[in-house]
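Residue strings, one per chain:
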Amino acid sequence: MLPISVCMIAKNEEPNVHKCLTPLKKLGFELIIADTGSTDHTRDLISQYTDHLYHFEWTNDFSAARNFSISKASNDWILVIDFDEYLKEANLPSLISFIGSHQKEIGTITRHNPCSLLSGQASIMTEQVARLFNKNYNSYRGIIHEQVLPLDDSSPVYCPVDLSFHHHGYENEDCLTAKARRNLELLLLSLKAAPNDPYLLFQTGKCYQILKDYPAACQYFDAGLSCDLDPALTYVQEMIESYGYCLLEQKEYEAALSLVNVYEIFSSQSDFVFLMGLIYMNNALFDQAVCEFQKAASMKNGKTAGINSYMPNYNIGVIYECTGNKENAVKFYAKCGNYAPAKHRLSLLSPPL
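Just so you know, the residues in each chain are numbered from 1, in the order the chain's sequence is written. With pLDDT at 70 or above as the cut-off, local features in this predicted model cover only qualifying residues; side-chain atom pairs require 80 or more to be listed or tallied, and sums for whole chains, interfaces and linings still use all residues. Water and hydrogen atoms were dropped before computing side-chain values, which therefore reflect all heavy atoms in the structure.

Caption draft 1: Structural context of helix α6 (residues 198-210). Along its 13 residues, α6 runs 18 Å from first to last C-alpha, staying within 8% of the 18 Å computed at 1.5 Å per residue. Here α6 lies mainly inside the structure; 12 of its 13 residues are buried. If you check the start of α6, you find a side-chain oxygen 2.9 Å away from the backbone N of tyrosine 199, and it comes from aspartate 197. Only DSSP runs of H or I with at least four residues qualify as helices, and only runs of E with at least two residues qualify as strands; both kinds are numbered from the N terminus onward. Positive phi shows up at lysine 212, right after α6, with a value of about 65°. A helix is expected to span 1.5 Å multiplied by its residue count minus one. Each residue's exposure class comes from its accessible area (1.4 Å probe, protein chains only) as a fraction of the maximum for that residue type: buried when under 20%, exposed when over 50%, partly exposed otherwise. Identification of polar contacts relies on pairs of N or O atoms within 3.5 Å, with a donor-acceptor requirement for protein atoms, meaning one able to donate a hydrogen and the other able to accept it, and with residues adjacent in sequence counted only if both atoms are side-chain atoms.

Following this line, the structure appears as structure tokens:
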């Protein structure tokens, strides 16, 4: 058995239990699960995979539930997974090497999230999420959107590990909306105690964004971005991009142009460069938009699938088509491969003989 305990919390996860736990069980992880009050068959299904199933009386505090499950683990190394996350790939030799040489560091897994950009463009966003750590040096804090932090209050040090998961929870819009409403209540409660916490402001803005209340989302993103922030932090990068998309959704195109003031800080990320292309495009600054889209298409890094390939090329095609340059429109649509919107435009501009 691997010297790692997978610690989870559960409530009414019946549809997810088998798909989530089967691959984890096969790899030899110890499975520790705290159930917070399931009323379906979740507990019965979990019992098929582990004897380490415990009841935790829910107290509106995710960290308390997480830390309770961790307290039941027999191993020092903890991997935290949610039931709507399904294992895709695991490099066990690399994992063993990590826990042998990174006692205090926090390991980040790769998580693939279905997402929707402006105008409902569907894609997959890839992110690094802190989930693997030694319980002698780290624990969870925060009643909502809890974070793994060192016990000695030092700054956390993150290192990627070779584990990747598909996040199923973002695929069901009704489920996502329900979670956002639940989380929003806890976040607003947390903000009463820490009104200037930028991470809480960011997460509150994200909830409002999911609920499509874009003015409220912008209000909280704006408040978060006014704090003293480290732009290298992943959530700060996501906050500035989310802010830009919310402004575009409200058709606040001129206000979105203000993001040019932080261009030098965030322009190493293709997701931000692509966003700037959209902002210029919606302000009818087509030359600048094409420049940003071409830059995004030339970059290697990208959190969102297609953000540095078919998406910018498609938007360049749209610009050329709308400005009457059919030849270049066809050229850039053709660069988009099997991207359905581009194939549709090509079929209209270059119908088969």
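Caption draft 2: How the structure looks around the packing of aromatic side chains. Ring pairs are drawn from Phe, Tyr and Trp, using the six-membered ring of Trp, whenever the two centres fall within 6.5 Å, and their geometry is named by plane angle: stacked under 30 degrees, edge-to-face over 60, tilted for the rest. In the structure shown here, the tally under the stated rule is 17 aromatic pairs. Ring geometry for phenylalanine 56 and phenylalanine 68: centres 5.2 Å apart, planes at 40°, overall tilted. Of the two residues, phenylalanine 56 is situated in the loop between β3 (53-55) and α3 (62-71) and phenylalanine 68 in helix α3; the sequence distance between them amounts to 12 residues. In this structure phenylalanine 56 comes out as buried when scored by relative accessible area, which is 12%.

Caption draft 3: Up close: the packing of helix α12 (residues 286-298) against helix α13 (residues 310-322). Contact geometry for α12 and α13: axes closest at 8 Å, N-to-C directions at 155°. Considering the angle they form, α12 stands roughly antiparallel to α13. Crossing angle aside, the handedness with which α12 passes α13 is left-handed. Residue-level inspection shows Phe286, Ala289, Val290, Phe293, Gln294, Ala296 and Ala297 of α12 in contact with α13, the latter providing Pro312, Asn313, Asn315, Ile316, Ile319 and Tyr320. Where helices are involved, their axes are fitted lines through C-alpha atoms of the stretch in contact, as for all axes, and angles between N-to-C directions lie from 0 to 180°. Just so you know how the angles are binned, under 35 degrees is roughly parallel, over 145 roughly antiparallel, 65 to 115 roughly perpendicular, and the rest oblique. By convention, the crossing between two helices is left-handed when the near helix turns anticlockwise from the far helix through less than a right angle, and right-handed when the turn is clockwise. For this analysis, residues touch if any pair of their heavy atoms sits within 4.5 Å.

Caption draft 4: Expanded view of the sheet that holds strand β10 (residues 158-167). Taken in spatial order, the 8 strands of this open sheet run β3-β2-β1-β4-β7-β6-β10-β5, and their pairing is mixed. Bordering the open sheet on either side are β3 and β5 (85-90), each of which pairs with just one other strand. Across the sheet, the mean angle separating the axes of adjacent strands is 30° when strand polarity is ignored. Pairing between strands requires that DSSP locate at least two bridges from one strand to the other. Pairing analysis gives 10 bridges linking strand β6 (residues 106-116) to strand β7 (residues 122-134), with the strands arranged antiparallel. Note on β7: the bridge partner recorded for threonine 110 is glutamine 128.

Caption draft 5: Representation of the nonpolar core within the structure. Ranked by internal contacts, the top residues of the largest apolar core, which has 65 residues, are Leu259, Phe274 and Phe293. If near-sequence neighbours (up to four positions away) are discounted, leucine 259 is found in contact with Ile240, Tyr243, Gly244, Phe272, Leu275, Met276 and Ile279. Buried residues of nine kinds, namely Ala, Val, Leu, Ile, Met, Phe, Trp, Tyr and Cys, make up a nonpolar core once their side-chain atoms join them within 4.5 Å. Membership of the second largest hydrophobic core comes to 32 residues, among which are Leu21, Phe83, Tyr86 and Ile109.

Caption draft 6: Broad picture of the pairing of strand β9 (residues 147-150). Side chains Val148 and Pro150 project from β9 onto a buried face, and the interleaved Gln147 and Leu149 project onto a face without burial. Alignment of strand β8 (residues 138-141) against β9, held across 4 bridges, turns out to be antiparallel. From the neighbouring strand, asparagine 138 faces β9, where its bridge partner is proline 150. Turn length for the β8-β9 hairpin, with the two strands adjacent in sequence and antiparallel, is 5 residues, and the turn residue glycine 142 shows positive phi of about 105°.

Caption draft 7: Here's a closer look at unusual backbone geometry. Positive phi values are uncommon outside glycine, yet asparagine 12 reaches one of about 55°. For asparagine 12, a relative accessible area of 32% corresponds to the partly exposed category. A positive phi is found at lysine 251, a non-glycine position, where the angle reads about 65°. Inspection of the secondary structure puts lysine 251 in the loop between α8 (234-249) and α9 (253-256). Given the relative accessible area of 60%, lysine 251 is considered exposed.

Caption draft 8: Layout of the pattern of salt bridges. The term salt bridge refers to a side-chain nitrogen of Lys or Arg lying within 4 Å of a carboxyl oxygen of Asp or Glu. Applying the stated criterion across every chain yields a total of 13 salt bridges. Across the pair arginine 43 and aspartate 35 runs a salt bridge whose closest N-O atoms are separated by 4.0 Å. In this structure, the salt-bridge partner of aspartate 82 is arginine 131, at a minimum N-O distance of 3.7 Å. Of this pair, aspartate 82 sits in the loop between β4 (77-80) and β5 while arginine 131 is found in strand β7, placing the two residues 49 residues apart along the sequence. Via salt bridges that share partners, Arg66, Asp82, Glu85, Arg111, Glu127, Arg131 and Glu146 belong to a single interconnected network.

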